[in-house]
Amino acid sequence: MGREAILNSIKKNKPELVNIPKIDIQLFDEEIDLVETFKNNVQLVGGSIAEINQINNLDSEIKKLYPNAKNIVTHIPESNLGTIEITNETTPHSLKNVDLTIIKGEFGISENGAVWISEDQFPIRVLPFITNDLVILLQKESLCLHMYNAYKKIFDRRRTFGLFISGPSKTADIEQCLVIGAQGAMNLTVILV
Amino acid sequence: MKVGLFIPCYINQLYPNVAIATLELLEKLNVDVYYPLNQTCCGQPLGNSGYESDAKGACQLFVENFKEYDVVVGPSGSCVHHIVEHFDLLPQTEEVKKIRNNTFELCEFIVKVLGKKIEGASFPHKVGLHKSCHGLRGLKLGSCSEKVEPYFSIEEDLLNEVEGLELMSLNRKDECCGFGGTFSVFEEAISVKMGKDKIQDHLDNGVEIITGADHSCLMHLEGLINRNKQPIKVMHIAEILNSSL
Amino acid sequence: MSHSKKAKIFNKNEDKVNWHDKALWFVREKRDVAANKVKGWEHLRDYASGIKANVLSNLDNYLVEFESNAIKNGIKVHWASNAEEHNTIVHKILQKHNAKNIVKSKSMLTEECHLNPYLEAQGIEVVDTDLGEYIVQIAKEAPSHIVLPAIHKTKEEVDELFQEHLGTTPSNGNPEYLTNEARKHLRSKFLNADAAITGVNFAVAETGGFVVCTNEGNADMGAHLAKVHIACMGIEKIIPKEEHLGIFLCLLARSATGQPITTYSSHFNKPIEGNEMHIVIVDNGRTEQLNREDFRSSLHCIRCGACMNTCPIYRRSGGHSYDATIPGPIGSILSPGKDLKKHSSLPFASTLCGSCTNVCPVKINIHEQLYKWRQIVVKDVKQPFVKKVVLKITGWLMARPKLFNLLGKSGRFILKYAPRFVVYSKLNAWGNARELPKIEKQNFNQWYKNRNKNG
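Reading the values: the criteria
Residues numbered from 1 in each chain as written. Chains lettered and ligands numbered in written order. Predicted model: local features only at pLDDT ≥ 70, side-chain atom pairs only at ≥ 80, totals over all residues. pLDDT = per-residue confidence, 0-100. Pairing = 2+ DSSP bridges. Helix = DSSP H or I, 4+ residues; strand = E, 2+ residues; numbered from the N terminus. Axes fitted to C-alpha atoms, helices over the stretch in contact; angles between N-to-C directions. Contact = placed C-beta atoms within 7 Å. Nonpolar A, V, L, I, M, F, W, Y, C, P; charged D, E, K, R; others polar. Domains from an automatic or database assignment. Core = buried A, V, L, I, M, F, W, Y, C linked by C-beta atoms within 7 Å. Buried ≥ 20, exposed ≤ 12 C-beta atoms within 10 Å, placed from the backbone. Left-handed = near helix turned anticlockwise from the far one by under 90°. Expected span 1.5 Å × (residues − 1). Arc of directions from axis to C-beta.

**Student:** Sorry if this is basic, but what is going on with the confidence of the model for chain C here?
**Tutor:** Low-pLDDT portions of the prediction should not be read for the details of their coordinates. Averaged over all residues, the pLDDT of chain C is 95; the fraction at 70 or higher stands at 100%. Here the prediction assigns the complex a pTM of 0.96, and the interface score ipTM is 0.98.

**Student:** Help me understand the sheet that holds strand S6 (residues 133-138) of chain A, please; the structure alone is not making it clear to me.
**Tutor:** Strand pairing in a sheet is mediated by backbone hydrogen bonds. Such pairs are either parallel or antiparallel. Residues and elements named next belong to chain A. Spatial ordering of the open sheet is given by S1-S10-S6-S3-S2, a layout of five strands whose pairing is parallel. Strands with a single pairing partner mark the edges of an open sheet, and in this sheet they are strand S1 (48-51) and strand S2 (72-74). Direction aside, the axes of adjacent strands within the sheet are offset by 20° on average. Where helix H3 (residues 58-65) meets the sheet, it contacts S1, strand S3 (100-104), S6 and strand S10 (187-192), and its direction lies at approximately 155° from that of S10.

**Student:** Looking at this structure, how should I read the sheet that holds strand S8 (residues 238-239) of chain C?
**Tutor:** A sheet is described by the order of its strands in space; here seven strands give the open sequence S4(A)-S5(A)-S7(A)-S9(C)-S6(C)-S5(C)-S8(C), paired in mixed fashion. In the strand order of this sheet, the two ends are held by strand S4 (107-109) of chain A together with S8 of chain C, each with one partner. By the bridge criterion, five bridges tie strand S7 (residues 161-165) of chain A to strand S9 (residues 264-268) of chain C in an arrangement that is antiparallel. When the bridges of S9(C) are listed, A:Ile165 appears paired with C:Tyr264.

**Student:** What is the right way to look at the interface of chain B and chain C in this model?
**Tutor:** Size of an interface, as often reported, equals the accessible area lost when the parts are brought together. Between chain B and chain C, the contact holds 60 residues from the first and 55 residues from the second. At the level of elements, helix H1 (9-14), helix H2 (16-28), helix H3 (44-48), helix H4 (56-66), helix H8 (133-138), helix H10 (183-186), helix H11 (188-204) and helix H12 (215-228) of chain B are the ones that each hand at least two residues to the side of chain B that touches chain C. Top contributing element to the side of chain B that touches chain C by residue count: H12(B), with seven residues. Residue composition of the side of chain B that touches chain C, grouped by class: 30 nonpolar, 19 polar and 11 charged.

**Student:** Sorry, what's going on with the domain arrangement of chain B here?
**Tutor:** All names here are of chain B. You can read the domains of chain B as domain 1 (2-114) and domain 2 (126-241). Computed from C-alpha atoms alone, the centre-to-centre distance between domain 1 and domain 2 is 21 Å. Among the elements of the structure, H1, H2, H3, helix H5 (77-86) and helix H7 (106-114) are those that each provide at least two residues to the side of domain 1 that touches domain 2. By residue class, the composition of the side of domain 1 that touches domain 2 is 13 nonpolar, nine polar and three charged.

**Student:** Please clarify how the interface of chain C and chain A should be interpreted in this entry.
**Tutor:** Contacts between the two partners involve 71 residues from chain C, matched on the other side by 62 residues from chain A. Tallied by class, residues from the side of chain C that touches chain A come to 32 nonpolar, 26 polar and 13 charged.

**Student:** Whenever I open this one, the nonpolar core confuses me. Can you help?
**Tutor:** The nonpolar side chains of soluble globular proteins are, as a tendency, buried together. Core analysis: the largest hydrophobic core is formed by 261 residues, its most contacted members being B:Val73, C:Ala195, C:Phe210, C:Ile238 and C:Phe248. Top contributing element to this core by residue count: helix H12 (residues 245-256) of chain C, with nine residues. Discounting chain neighbours no more than four positions away, the residues touching B:Val73 are B:Val3, B:Leu5, B:Phe6, B:Leu26, B:Phe104, B:Leu106 and B:Phe109.

**Student:** What exactly am I supposed to notice about the pairing of S10(A) here?
**Tutor:** In the case of a regular strand, side chains alternate between the two sheet surfaces. Residues and elements named next belong to chain A. Of all six residues making up S10, six are buried, and the element is well covered by its neighbours. Here S10 shows two buried faces, one formed by Asn187, Thr189 and Ile191 and the other by Leu188, Val190 and Leu192. Strand direction decides the pairing type here: S6 and S10, joined by six bridges, are parallel. Its bridge partner being in S10, Leu134 is matched across the sheet by Leu188.

**Student:** Would you take a moment to explain the packing of helix H9 (residues 155-166) of chain C against helix H10 (residues 175-191) of chain C for this structure?
**Tutor:** For any two helices packed against each other, the geometry is given by the interaxial angle and the distance between the axes. All names here are of chain C. The N-to-C vectors of H9 and H10 enclose an angle of 35°; their axes lie 11 Å apart at closest approach. When you trace H9 past H10, the crossing you get is left-handed. Contact with H9, carried on its side by Lys155, Val158, Asp159, Phe162 and Leu166, involves Pro175, Leu178, Glu181 and His185 of H10 and no other residues of that element. A breakdown of the residues in the contact of H9 with H10 according to their chemical character gives five nonpolar, one polar and three charged.

**Student:** Explain the domain arrangement of chain C to me, please; I cannot follow it from the model alone.
**Tutor:** According to the domain assignment, chain C contains domain 1 (38-284), domain 2 (297-380) and domain 3 (388-454). One C-alpha centre belongs to domain 1 of chain C, the other to domain 3 of chain C, and the line joining them spans 55 Å.

**Student:** Honestly, unusual backbone geometry in this entry has me stumped. Any pointers?
**Tutor:** Phi is mostly negative for residues that are not glycine, and the peptide bonds are mostly trans. A positive phi angle is found at A:Gln176, which is not glycine, with a value near 60°. As for its position among the elements, A:Gln176 is in the loop between strand S8 (170-171) and strand S9 (179-180). In this structure, B:Lys229 is a non-glycine residue whose phi angle is positive, near 50°. Mapped onto the fold, B:Lys229 is located in the loop between H12 and strand S8 (233-236). Residue B:Lys229 is classed as exposed on the basis of its C-beta count, with 7 C-beta atoms lying within 10 Å.

**Student:** Honestly, the environment of B:His86 in this entry has me stumped. Any pointers?
**Tutor:** Residue and element names in this part refer to chain B. Take His86: it is sitting in helix H5. For His86, a count of 20 C-beta atoms within 10 Å gives the class buried. Measuring from C-alpha to C-alpha, the distance between His86 and Cys59 comes to 9.5 Å, with 27 residues separating the pair along the chain. Discounting residues that sit within four places of it in the chain, His86 has contacts with Gly47 and Glu52.

**Student:** It is not clear to me how H11(B) should be interpreted in this structure. Could you clarify?
**Tutor:** Structurally, the α-helix is built with 3.6 residues per turn, so residues lying three or four positions apart point the same way. Between its first and last C-alpha, H11(B) extends 24 Å over 17 residues, near the 24 Å set by a 1.5 Å rise per residue. After H11(B) finishes, the residue B:Gly206 shows a positive phi value of roughly 75°.

**Student:** Hey, could you run me through the arrangement of the chains in this one?
**Tutor:** No other pair of the two pairs of chains in contact has as many contacts as chains A and C. These two, chain A and chain B, are apart from each other, with no contact and a minimum C-alpha gap of 14 Å.

**Student:** Could you clarify how one ought to interpret helix H4 (residues 59-72) of chain C in this entry?
**Tutor:** Taking 1.5 Å per residue, 14 residues should reach 20 Å; H4(C) reaches 20 Å between its end C-alpha atoms and fits that length. Buried within H4(C) we find C:Leu59, C:Tyr62, C:Leu63, C:Phe66, C:Glu67 and C:Ala70. Each buried residue of H4(C) lies within a common arc of 135° when the element is viewed along its axis, so the set occupies one face. Looking at H4(C), the residues exposed on the side facing more than 90 degrees away from the buried face are C:Ser68 and C:Lys72. Next to the buried residues of H4(C) lie helix H1 (2-13) of chain A together with helix H3 (41-57), strand S1 (76-80), strand S5 (202-204), S8 and strand S10 (276-282) of chain C.

Spelled out as structure tokens, the structure:
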């Protein structure tokens, strides 16, 4: 019923083919400082920025930022703070008490402060949402200008699940008052290296 | 250039001074202007009410009245907009096309067609400009706050040429006043509320005179001002541009 | 009840109207700031509009391409011609998994199909997990805005609702406290959900994947914890290529709330190993709208809500005054296509100011479509006899200058000399709150004739 009826109805009712616009990406080019713009935008969307000179300082920086975190999932070799081991077999529900999660971001986007993260960096999809606080480690060199560049970067990925994440979860559903910390992570720090 | 003066029906009957100011202003600018006496209405109230097809006769009469002129000029953005945009309901003869392409709102005509400045006008008052929607968003008399585009305003440019006039800025630069033709009676509650808010914006910014290029909006605002006895007046932009010491 | 009647009731409380107007104007201003920061904003709008026009002209092929790619990735695809089919399909999937506790993230489509009451009648609990939707759900109301569902509620009203439903302590409407209480409550719902239902912001033909955008993270909390994820989408949510998301995601959040992008833009391509992912593709009147040349582009809509925030009528009448799933300007051009009679007052709930058209990120000519719907409403829906006759006679008179002018003169005479109680009678809606213009001695015609005689 549904499928054929819908497709036939579209065939009957659709207009003549309109060509798909060819996108001139140069229209959006800007001479801006990618790192500074990114940092400003992360803060604009309620996130925090930390910078480290060398990767060896990562754990001390995180400890400084989140001194009270006890249940920690680390999914990068550069950090040894993890207290909970996770694998593909871990039940997502068992992560409900995770205080802090440390993962790697694949690249960032200056124009909106978003970072692309995907299932390649966290074997359990719910992890970056269910964790109370989230730390994303990001290479400065990975920053690109805008979304259109971003999709060029992820075109060849293994398509399972991935997302652009921009700041901590938030809502303004009560009288337009911005509240950081809705259903996902309460807090997000991007650590630039 | 033979110019036909288009005086919308409500201006003819209710605001003759606006029509007189328009005519005098055009004459001061050395325009060869004529006023065809058989004018009725452009049909806008019917079109906006959904009865566009019943306005065909009015539209045809408009074409008859103005077909001999090179250019048609009127002091009302929404009426001019109706001719330019909605005369597509007539068969598109050469006459109709010519009229649709050559009908201008007064300020638009002075700036874009004549390319003239206002000289000798003087109006030492604090003025707030009401940018009527059909003039602004329809005829592009200025940039719109919603769009990312370079700022411009034909009406402000003209007002800035008037000696002593102080143009005040508003908190909401181009919010609709709530007139909307028959909207003003069929959605009376919202229409009145929008008008009240609009006037308040002008009052909050120290405006003494609200002006604009569309007197229908000003009629609505004036109705509220007079009922509520507020210390502010309305004047059509032609009356200000035509004023002298 | 017509829009104007509901709007009048809403306007009985002027303070609330002012509050509502300001809250939404604040969002409109945030949108302006965000748009002005983007180089090439108007080009983005042109591209987005062009891509959507292409989509509509090739929709059947894109849907088939989407379906085959989604199936390759292990997603199950269903097709529903109307709301009933949609609800039945969703229910069957839930039945198969014996799912009784459902978490749902925002989906205007499921609102349109009235999925919640349908499932509740089958003994299934559906919890709306977007905070705004949760608020209107416990208040037993419909969303009044598509992005800010509870924008009509003050924080004090939310406080009272939460006291009643969540047992919170009175907080004078403290948003942080209330949001955190909701978070705790919804966490337990997410952890115990058997299935998650989400909407779809964009479905990509080229990859068979789909994108869901939220700020709260509620769609992801639901979809990644439950065994079954059902995503419901209208046929018009398709875009051709993934790279086109680069255009749409630049526009969506900026237009909606002034954020550069939503917190989460989640790209779903494959189900979690061992879980199920379903997509329900719904028509429900959309192909009919596709057939209406003048109104086709209303299907470009990406549900950002910018037209509501900018609309001076919406801001002062509230979303519920539209009595439609999608309120505001865009709703006023979509709803008449679904039920012309029921929604016949909506195209008139506008001054045709055109602000909606200017903010629309996909360049729908909303105010021009409102004008066109008016012409159809008048032809196809029975109009009040008096209004119809008066306007018809007016049209006839307008073509007859001598009579028209005579009547104009008499009208002026009456207004000038009739007693005030006659002029300002109940029949004169203009005069309830406004004075009529002062009548001058002569009209312009008379003045002009005299001048020429004397001059």
